[in-house]
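Structural features, examined
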Amino acid sequence: MTDTVAQASAAANAKAAPDTMAWDSGLRRLMMIYLPLGCFVLILLFPFYWMAITSFKPNAELMNYREHNPFWISSPTLAHIKHLLFDTAYPRWLWTTMLVAIGATTLSLVASTLAAYAIERLRFRGSPYVGLGIYLAYLVPPSILFIPLATVVVQFGLFDSPLALILVYPTFLVPFCTWLLIGYFKSIPYELEECALVDGATRLQILRRITLPLAVPGLISAGIFSFTLSWNEFIYALAFIQSGANKTVPVAILTELVTGDVYQWGALMAGSLLGSLPVAIFYSLFVDYYVSSLTGAVKE
Amino acid sequence: MSVTTLSSPVLAQRQPNWLVRLFDYKPFLVAMCLAPALGLLAVFLTYPLGLGIWLAFTDTTIGRKGEFIGLENFQYLLTDSLWWNAVFYSVVYTGIATFGKFALGFWLALLLNNHFPFKSLLRAIILLPWIVPTVLSALAFWWIYDPQFSIISYLLVDVLHWRDSNIDFLGSPWPARFSLIAANIWRGIPFVAISLLAGLQTISPSLYEAAMLDGASAWQRFRYITFPMMMPILAIVMTFSIIFTFTDFQLVYAITRGGPGNSTHLLATLAFQRGIAGGELGEGAAIAVSMIPFLVFATLFSYFGLARRKWQQGEAND
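As the structure is a computational prediction, the values presented were derived from the model and not from experiment. (Residues numbered from 1 in each chain as written. Chains lettered and ligands numbered in written order. Predicted model: local features only at pLDDT ≥ 70, side-chain atom pairs only at ≥ 80, totals over all residues.)

1. A look at the overall build of chain A
Quick note on the threshold: Counting from the N terminus, the helices are the DSSP runs of H or I reaching at least four residues and the strands are the DSSP runs of E reaching at least two. Three exposure classes are used, based on other C-beta atoms lying within 10 Å of a residue's own C-beta, which is placed from the backbone: buried for 20 or more, exposed for 12 or fewer, and partly exposed in between.
A count of helical and extended segments in chain A gives 16 helices and zero strands. For chain A, the proportion of its 300 residues judged to be buried stands at 44%.

Okay, structure coming up:
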């Protein structure tokens, strides 16, 4: 699409000034596109590189830039990761986070699939308003809600329980997933459902046998997105969970591993690396779904 | 899209089972389908939102039911220099970070809109800062901003010899504020770039061809085609970005916890400090509620200010 434009512009410039053509195509492209892109990628990725390299450095190298080049490791070590896995409750935190993320994702997927189907396909009076209401719910940031939610969680007797997080995370997952799925349901031809209705299928049969199988890409998008958002959630997990064992990874690293005045940077970075890996792996498997759901939700 | 063409009773006659019939009765089905989502949102979003506003007018603390005290919390906040400080920094933080994110993100989107090898791989890599848990990348920034072993200081002092001493990133107010803003921009660029890239790809190339035939320069093409065509999506992305930057919590809590000397408190971290850590639920709620007018204003500004013409891009681009 755009390279026709690029070619056209190159051609136009060539006509105007033939002697600048070489500059235009080669060096100019290098300076205007590849160089800035390279800088962007370098800056965006550097913190991860730094995180990774710190987690494998022995403490002696971490604190000595004079004798060791800080950008490289001379004698890599697994000591930080070993410390993390065997001397702290890290495996337990990982497990809790996984449990919460899967629970919240499942709950939100079921709720938002049904809601999106009702809003987009059952088309009752006022369905656009319900859709708008759910969309507006997405604009309410967690920072405003966490104090009253903490009292609600206490009222329900769920304080310090991962179940509280599973129930609370859908407040930001359901609006997102519902809007994503409404978009997907819209793209499925309604005629298919009409045929099924003519053949005598019930509404639920239509949802299960026709609409859902066709909306699988949308469901995957919504699912991986919800999983990532729940894995990354911080403020609710910080406010509602108190005992060390029930914490999620992001909260636990910040509150349990940061102790005293001397920070264990190696262990902290190893914890961050391990805590990022599940989402990063997940992400690498489903990149296209992420991009489509991110842009899809924005465009809706 | 047409409304249901066949009415349910016709089918129901063929299916005697009352349960099946019930589930095919449209009002019941609609209610059943909406119940889980609306139920969750009502209990954990609408109710807490109302409760939060109520709490802001009470003197509730953790473990003690509060009483209605009217506007006392807000009156106190107006005399509280820490609150004013947090308002000031929240506005500065949101303003500079949003500007940075959109300037750099738009630039990155324009770069990615070109053709070059490994484009999809690059797009995938660029989204990483947005995928990884914010707190964990914030920890990496904390380490990068370390007063003694900062890699940036090392580069400037020992490699490039531009400075004589290490930079004290988080030790004094203004450097700490700007360090946090830089981290926020770093985290925000991918989201902005990828969303805007999606918008860029919907602009029809024929517009550029027409402009080029009329002799428009590259800058004119950007100013009079790209920019106006991007307005609707820019407005939406900016609204989101402003809301979630203004109410940001994680980055500040992870890197400075409001320090040094409370200079980097955002309203959200101040609310947490007073409400949850300090136990003054009423006052914390008042701080949280005091964010709402700013949010409404910012939303209206970015939404209506930017999306003057048509706020939703239709199928036709021209």
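2. Thoughts on the overall build of chain B
Filter applied, for reference: To get the radius of gyration, use the C-alpha atoms; to get the globule rule, take the number of residues to the power 0.38 and multiply by 2.2 Å. Whether two residues are in contact is decided by their C-beta atoms, placed from the backbone, lying within 7 Å.
When helices and strands are tallied, chain B shows 16 helices and zero strands. For 318 residues, the compact-globule formula gives about 20 Å, and the C-alpha radius of gyration of chain B, at 26 Å, lies well above that figure. Expressed as a percentage of the 318 residues in chain B, the buried residues total 41%. Here the analysis covers contacts within chain B between residues at least 6 apart in sequence; of these, 69% occur between residues at least 24 apart.

3. Things to note about the confidence of the model for chain B
Residue and element names in this part refer to chain B. What counts here: On a scale of 0 to 100, pLDDT captures the predictor's confidence in every residue.
Residues of chain B with pLDDT of at least 70 account for 91%, and the chain-wide mean is 85. Per-element confidence in chain B is highest for helix α5 (residues 81–112), whose mean pLDDT is 94, and lowest for helix α1 (residues 8–14), whose mean pLDDT is 50. Counting interchain partners and residues more than four positions distant, the pLDDT-below-50 stretch residues 310–318 has eight contacts.

4. Some words on the confidence of the model for chain A
Looking at chain A, pLDDT values average 83 and 89% of them are 70 or higher. In the model, residues 1–20 of chain A has pLDDT below 50 throughout and makes 19 contacts with residues more than four positions away in sequence or in other chains.

5. So, the nonpolar core
Most often, soluble globular proteins have nonpolar side chains that are buried together. Here is the rule: Note on definitions: a nonpolar core is a set of buried residues drawn from Ala, Val, Leu, Ile, Met, Phe, Trp, Tyr and Cys, linked by C-beta atoms within 7 Å.
Core analysis: the largest hydrophobic core is formed by 165 residues, its most contacted members being Ala115(A), Leu165(A), Ala37(B), Leu139(B), Ala193(B), Leu196(B) and Ile255(B). In this view, Ile255(B) contacts Ala138(B), Phe141(B), Trp142(B), Leu170(B), Leu180(B) and Ala183(B); residues no more than four positions away in its chain are not counted.

6. Some words on helix α12 (residues 218–246) of chain B
All names here are of chain B. Note the following rule: One less than the residue count of a helix, multiplied by 1.5 Å, gives the span that helix is expected to have. To get the bend at any residue, fit one axis to the seven residues that end at it and another to the seven that begin at it, then take the angle between the two axes.
Given a rise of 1.5 Å per residue, 29 residues ought to cover 42 Å, yet the end C-alpha atoms of α12 are separated by just 35 Å, more than 12% below that figure. Where α12 bends most, at methionine 231, the angle is about 55°, and the proline proline 232 comes one to four residues later. Where α12 is concerned, the buried positions are Met230, Ile233, Leu234, Ile236, Val237, Met238, Thr239, Ser241, Ile242, Ile243, Thr245 and Phe246.

7. Points about the interface of chain A and chain B
Contacts between chain A and chain B engage 88 residues on the former and 86 residues on the latter. In terms of residue count, the dominant contributor to the side of chain A that touches chain B is helix α2 (residues 21–55) of chain A (twelve residues).

8. Structural notes on the environment of Leu295(B)
All names here are of chain B. Position of leucine 295 among the secondary structure elements: in helix α16 (residues 291–306). The class for leucine 295 is partly exposed, based on 19 C-beta atoms found within 10 Å. The spacing of leucine 295 and alanine 271 is 24 residues in sequence and 16 Å in space, taken between C-alpha atoms. Beyond its immediate sequence surroundings of up to four residues, leucine 295 is in contact with Ile243 and Phe246.

9. Observations regarding helix α14 (residues 267–277) of chain B
Residues and elements named next belong to chain B. Within α14, nine of the eleven residues are buried, which leaves it mostly tucked inside the rest of the structure. Taken together, the buried positions of α14 are occupied by Leu267, Ala268, Thr269, Leu270, Ala271, Phe272, Gln273, Arg274 and Gly275. Just downstream of α14, glycine 279 is the residue with a positive phi angle, here 85°.

10. A few points about the packing of helix α6 (residues 127–138) of chain A against helix α9 (residues 170–187) of chain A
All names here are of chain A. Note the following rule: Between N-to-C directions, angles cover 0 to 180 degrees, with each direction set by a line fitted to C-alpha atoms, over the stretch in contact for helices. Oblique is the label for any angle not covered by the other classes, which are roughly parallel (under 35 degrees), roughly antiparallel (over 145) and roughly perpendicular (65 to 115). Note on convention: near helix rotated counterclockwise from far helix by under a right angle means a left-handed crossing. Clockwise means right-handed. Residue classes follow a fixed rule: Ala, Val, Leu, Ile, Met, Phe, Trp, Tyr, Cys and Pro count as nonpolar, while Asp, Glu, Lys and Arg count as charged, and any other residue, Gly among them, counts as polar.
At a minimum axis separation of 8 Å, α6 and α9 run at an interaxial angle of 135°. Between α6 and α9, the angle is such that the two are oblique. Here α6 runs over α9; the crossing is left-handed. For the pair α6 and α9, contact is made by Gly131, Ile134, Tyr135, Ala137 and Tyr138 and by Phe172, Pro175, Phe176, Thr178, Trp179 and Ile182, respectively. Looking at side-chain class alone, the contact of α6 with α9 contains nine nonpolar, two polar and no charged residues.

11. Overview of the packing of α5(B) against helix α10 (residues 173–201) of chain B
All names here are of chain B. Viewed as axis vectors pointing N to C, α5 and α10 meet at an angle of 40°, and their least axial separation amounts to 6 Å. Between α5 and α10, the angle is such that the two are oblique. Regarding α5 and α10, the two cross each other, and that crossing is right-handed. Split by residue class, the contact of α5 with α10 holds 19 nonpolar, four polar and two charged.

12. Some points on unusual backbone geometry
If you check the backbone angles, Asp160(A) has positive phi at about 70° while not being a glycine. Within the secondary structure, Asp160(A) is located in the loop between α7 (142–155) and α8 (162–168). The partly exposed category is assigned to Asp160(A), around which 15 C-beta atoms lie within 10 Å. Even without glycine at this site, Phe118(B) takes up a positive phi of about 60°. Within the secondary structure, Phe118(B) is located in the loop between α5 and α6 (119–126). In this structure Phe118(B) comes out as exposed when scored by C-beta crowding, with 9 C-beta atoms within 10 Å.

13. Points about the environment of Tyr236(A)
Residues and elements named next belong to chain A. Residue placement: tyrosine 236 occurs in helix α13 (residues 235–240). Measuring from C-alpha to C-alpha, the distance between tyrosine 236 and leucine 30 comes to 46 Å, with 206 residues separating the pair along the chain. Beyond its immediate sequence surroundings of up to four residues, tyrosine 236 is in contact with Pro142, Phe146, Leu149, Leu165 and Val168.

14. What to know about the environment of Pro47(A)
Among the secondary structure elements, Pro47(A) is positioned in helix α2. What makes Pro47(A) buried here is the crowd of 25 C-beta atoms within 10 Å. Not counting residues within four places of it along the chain, the set of residues in contact with Pro47(A) comprises Ser137(B), Ala140(B), Phe141(B) and Ile144(B).

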